[in-house]
Amino acid sequence: MITLGVESSAHTFGVGIVDKGKILANEKSMYKIGTTGMIPKKVAEFHAQNSGSVVEAALSKAGISIRDIDGIGYTRGPGIGNCLQVGQIVAKTLAHKLHVPIVPVNHGIGHIEIARIRSGLRDPVVLYVSGGNSQILKIAGGSSRHYGVLGETFDIGIGNMLDNFARAAHLNPAWGSTVEKEAQGGRYIEMPYTVKGMDFSFTGILTHSEKQLGKHSLRDICFSLQETSFSMLCEAIERAMLLTDSKELCVCGGVAQNARLKEMIGLIAAEHGARIGYAENEFNADNGAMIAFVAERMLKAGLGVRLNKCDIEQRYRIDSATVVG
Amino acid sequence: MKKIGEGAEALIYAAKIYGADVIIKYRQRKMYRAAELDTKLRKTRTRKEAKIIARVLEHGIPAPALIGIGNFSIYMERISGIMLKDTRISANDAALAGLLLGKLHNAGVTHGDFTPANLIKSGKNIRIIDFGLSNINKGSEERALDLLLMKRQLSPRLFSEFSSGYLKAADSGNDTIKRLEEILERGRYQTRTLA
C-alpha cells in the first residue's frame, strides 16, 4: 500500500510517500522566516505556490507515478489555519481525483509515532518539543488508544519561546537554532525557573531574557536561556519517568534537534538505565513523511473518512487523536 | 543510613539519630544542569521546604516534625503508617484529608502535590508529607490546583466528601472551589486526559 502524506501546519509544505512503513520520499519547501517570523497569509500563499512542485518532486524521488498511490493523509492540526487549509485542499483534490481513501492526521502524532516506531520503542515516556507544542506524554487507554498528557506548557511552546527571543534579539534567521549557535561558550546568569509537577511555563523566562538584552552579552543570555528552559523540561521528564516507572524515553519535535537538549536528556536516561529513542532530524523538522507514515497505519485500521468530513482544526488536541497500535 | 525512596529531585534515606527514627531528604546533584543553576535550585528549594514545614507545624497541622537542615538536606521525624493511596480510602478519610487541606490553605500554604501518595494514615489520623513543591501565600489558582490533583485521584463520591471537609475548614473555600471550576473549563485543558 503506497500512501502519500501532506504536511502544511506551519512554515513547511512537505509531501512524503511511504510504502509499508518504508519511506520512499520526503520532499519539502520551507518558507523563509527572515527576521519577521511567520505571517499566516504570506506563508499560506507560499505553500499554495509550491504545493504542485513538492508533490511532483516527491513522486519522482519515490520513482512512482501518481496512479500508484493507494491512500492519502494530511495534517488536520494543530497549526496555523491558513496554512493547514492549503494542505487539506491539496490532499482532498488528490484523493478525489485518484479515487483513493483519505485520512486526517494529528501533527504531533506524526512526529511521535515515526520516532517511536522507527526507534523500536514500545511504550515510552515521550517528550514532544516544537514551536507550538511542549508536552510530556504516554500512551493510555485500552479500547481507544491515545496519548495521554502527563505534563505540558501552561502558555507557549518552547520553540515559540526561543523563536520569539531570537526575533527580539534581531537574530537572523530568527529561530531557535540561531540561539543554539549563539549560546556556545556562554556563562550562566540567573533566569526565572517555572516547573509545577510535570507542567512548565515559558513566558516568564522569555520576558526576562528580552529585558537582559544590552545588559549582558548575547552569548550569556542565549546560554542561560537554553540551560534554564531545558532544565525545566528535564526535571519534568525525570518526574514523569519515575512516576510511570518507565525505562523508555522518546524525544521528538523541532526543538529535539538541539544538541544540548539531547545531551541533557541523554544524561537522565543514563542515570535511570532508560533506553532513549530520537527521531532522525529529518523527521524532527516538519515533514510529509511522518504524516504518510501515520496515515498508512490509520487507513489500514479502517480509519479513513469521507471527503466531506475532511476538515482542519487549529487546536486539534493530541489526546483526542486515536493511535493505531 | 538506608535509601528508602527516590523522587525526581531528592533521595530519601532512613536513619537512626540518638535512637530516634529519622528521614533524611537529600537533594542530589543533577548532572544535566549547569552547576550554578543546580546549586541554586537545590539550596533554595531545601530552605524553602524546611521553612514551610516549620510554618505548617506552627499552625498545628499534622506534618513530620522538623529536626534539622543542611545545605541540601532536611532531617525529619519518620512517621509510621501507610500511604493513603495504598489503603481503601473511606468517606471519613476523604473528609479528613479535605479538612487538613483547608487548614493548610488557612495557614497560607499550598502543597503543590496534594495526592493520596503524600498522605500518611495511622489509626484514625492522617498526616501530610512532602512539601517539596509547596508555596507560601499564593492565590486561589494555586489553592485550586491542590484540589484539582485530588479530584483526578478520587471517585466523584469521595471527592464530594473531600470538598465538603475542605469547605468546613477553609476560610476562602468557596473562592477556591469557584476557581477550580474555572480551571476545569479552560479550553486548553478541557479535553486533557491523563496517561
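This is a predicted model, so every value here is computed, not measured.

Enquirer: Report on the environment of Gly253(A), specifying residues and quantitative values.
Expert: Residue and element names in this part refer to chain A. As for its placement among the helices and strands, Gly-253 is situated in the loop between β11 (248-252) and α8 (259-271). Separated by 141 residues in sequence, Gly-253 and Ile-112 have C-alpha atoms that sit 7.8 Å apart. Those residues in contact with Gly-253, other than ones at most four positions away along the chain, are His-111, Tyr-128, Val-129, Ser-130 and Asn-284.

Enquirer: Could you give an account of unusual backbone geometry, naming the residues involved and the relevant values?
Expert: Note that the residue after Gly77(A), namely Pro78(A), is joined by a cis bond; omega there is -5°. In this structure, Pro78(A) sits in the loop between β4 (71-77) and α2 (81-98). At the junction of Asn172(A) and Pro173(A), the peptide bond is cis and its omega measures out at -5° in the coordinates. In this structure, His170(A) takes a positive phi of about 55° despite not being glycine. Within the secondary structure, His170(A) sits in the loop between α4 (158-168) and α5 (176-182). Residue classification places His170(A) among the exposed residues on the basis of a relative accessible area of 68%. The phi angle at Asn137(B) is positive, at roughly 55°, despite the residue not being glycine. By the secondary structure assignment, Asn137(B) is in the loop between β10 (135-136) and α3 (140-153).

Enquirer: An account of the domain arrangement of chain A is requested, with residue identities and associated values reported.
Expert: All names here are of chain A. Here chain A is partitioned into domain 1 (2-110 + 283-320) and domain 2 (123-278). With 16 residues of domain 1 in contact, the opposing surface of domain 2 contributes 20 residues. The junction of domain 1 with domain 2 conceals about 1,300 Å² of combined surface from both sides, 59% of it contributed by carbon and sulfur atoms. Looking at the side of domain 1 facing domain 2, the largest losses of area belong to Thr-35, Asn-284 and Ile-318, adding up to 39% of the total buried there.

Enquirer: So, the layout of surface pockets: which residues are in play, and what are the values?
Expert: Residue and element names in this part refer to chain A. If you add up the space inside the second largest pocket, you get close to 1,300 Å³. Sorting elements by how many residues they give to the lining of the second largest pocket places α4 first, with five residues. Classifying every residue of the lining of the second largest pocket gives 15 nonpolar, 24 polar and eight charged. Residue assignment places the lining of the second largest pocket across two domains, with domain 1 (2-110 + 283-320) and domain 2 (123-278) each supplying three or more.

Enquirer: Hey, could you go over the pairing of strand β1 (residues 2-7) of chain A for me, with residue numbers and the actual values?
Expert: Residues and elements named next belong to chain A. Taken across its six residues, β1 has six buried, putting it largely inside the fold. The alternating pattern of β1 places Ile-2, Leu-4 and Val-6 and Thr-3, Gly-5 and Glu-7 on opposite faces, both of which are buried. Across six bridges, β1 lies against strand β2 (residues 12-19) in antiparallel orientation. Counterpart to Thr-3 in the pairing with β2 is Val-18. In textbook terms, the turn of a hairpin is the stretch between consecutive antiparallel strands, and for β1 and β2 this stretch comprises four residues. Here β1 pairs with β4 via four bridges, running parallel.

Enquirer: Explain the interface of chain A and chain B residue by residue, including any values.
Expert: The partner chain B presents 24 residues to the 36 residues of chain A that form the contact. Summed over both partners, the interface of chain A with chain B buries about 2,500 Å², with 50% contributed by carbon and sulfur atoms. At the boundary of chain A and chain B, one finds four salt bridges. Of the charged contacts, one joins Arg45(B) and Glu235(A) as a salt bridge, the two residues approaching to 3.0 Å between their closest N and O atoms. Put simply, chain A and chain B have five residue pairs in polar contact (both at pLDDT 80 or more) between them. If you list the elements that add at least two residues to the side of chain A that touches chain B, you get β7 (134-140), β8 (146-152), α7 (218-244) and α8 of chain A.

Enquirer: Could you give me a rundown of the environment of Tyr316(A), with the residues and numbers involved?
Expert: Assignment of secondary structure puts Tyr316(A) in the segment after α10 (289-300). Along the sequence, Tyr316(A) and Arg76(A) sit 240 residues apart, while their C-alpha atoms lie 7.4 Å from each other.

Enquirer: Lay out the pattern of salt bridges with the relevant residues and their values.
Expert: Under the definition given, this model contains 30 salt bridges over all chains. A salt bridge links Lys40(B) to Glu190(A); the nearest nitrogen and oxygen atoms lie 3.7 Å apart. Of the two residues, Lys40(B) is situated in helix α1 (residues 35-58) and Glu190(A) in the loop between α5 and β9 (195-196); the pairing between them involves two chains. According to the relative accessible area criterion, Lys40(B) is partly exposed, its value standing at 22%.

Enquirer: Give me the lowdown on empty space enclosed by the protein, citing residues and values where you can.
Expert: Applying the stated rule across the entire model yields two cavities of 30 Å³ or more. Estimated volume of the largest cavity: approximately 50 Å³. Taken together, Ile109(A), Glu113(A), Val294(A), Arg297(A), Met298(A), Thr322(A), Val323(A) and Val324(A) form the lining of the largest cavity. Breaking the lining of the largest cavity down by element, the ones donating at least two residues are α3 (107-118) and α10 of chain A. Among the elements that take part in the lining of the largest cavity, α10(A) stands out by supplying three residues, more than any other. Looking at the lining of the largest cavity residue by residue, the classes come out as five nonpolar, one polar and two charged. Approximately 30 Å³ is the volume attributed to the second largest cavity. In terms of lining residues, the second largest cavity is bounded by Glu9(B), Arg27(B), Arg33(B), Leu41(B), Arg42(B) and Arg45(B).

Enquirer: With reference to specific residues and values, describe the nonpolar core.
Expert: One recurring pattern in soluble globular proteins is that nonpolar side chains are buried together. Counting residues in each nonpolar core, the largest one holds 51 residues, and the members touching the most others are Ile136(A), Ile158(A) and Leu233(A). Counting residues per element, the ones that place at least two in this core are β6 (125-129), α4, α6 (203-212), α7, β11 and α8 of chain A together with α1 of chain B. Among the elements that line this core, the one with the most residues is α7(A), at 12 residues.

Enquirer: Run through the sheet that holds β4(A), naming residues and quoting values.
Expert: Sheet strands associate in pairs through backbone hydrogen bonding, adopting either a parallel or an antiparallel arrangement. Residue and element names in this part refer to chain A. Spatially, five strands are ordered β3-β2-β1-β4-β5 in an open sheet, and the strand pairing comes out mixed. With partners counted over all chains shown, the strands left at the sheet margins are β3 (22-30) and β5 (102-106), one partner each. With strand direction ignored, the average angle separating the axes of adjacent strands in the sheet is 20°. Each of β2 and β3 is contacted by helix α1 (residues 40-62), which is oriented at about 155° to β3, the strand it contacts most. Across the sheet, α2 is in contact with β1, β2, β4 and β5; its angle to β4 comes to roughly 160°.

Criteria and cut-off values
- Residues numbered from 1 in each chain as written.
- Chains lettered and ligands numbered in written order.
- Predicted model: local features only at pLDDT ≥ 70, side-chain atom pairs only at ≥ 80, totals over all residues.
- Heavy atoms only, no water.
- Helix = DSSP H or I, 4+ residues; strand = E, 2+ residues; numbered from the N terminus.
- Contact = heavy atoms within 4.5 Å.
- Buried < 20%, exposed > 50% of the residue type's maximum accessible area, 1.4 Å probe, protein only.
- Domains from an automatic or database assignment.
- Buried area = accessible area lost by both parts, 1.4 Å probe.
- 1 Å grid on protein atoms, 1.4 Å probe; cavity = no way out; pocket = protein on both sides within 12 Å on 5 of 7 lines; lining within 4 Å.
- Points joined across faces, edges and corners; volume = space filled by probe spheres on them.
- Nonpolar A, V, L, I, M, F, W, Y, C, P; charged D, E, K, R; others polar.
- Pairing = 2+ DSSP bridges.
- Salt bridge = Lys/Arg side-chain N within 4 Å of Asp/Glu carboxyl O.
- Polar contact = N/O pair within 3.5 Å; in protein donor to acceptor, adjacent residues only side chain to side chain.
- Core = buried A, V, L, I, M, F, W, Y, C linked by side-chain atoms within 4.5 Å.
- Axes fitted to C-alpha atoms, helices over the stretch in contact; angles between N-to-C directions.

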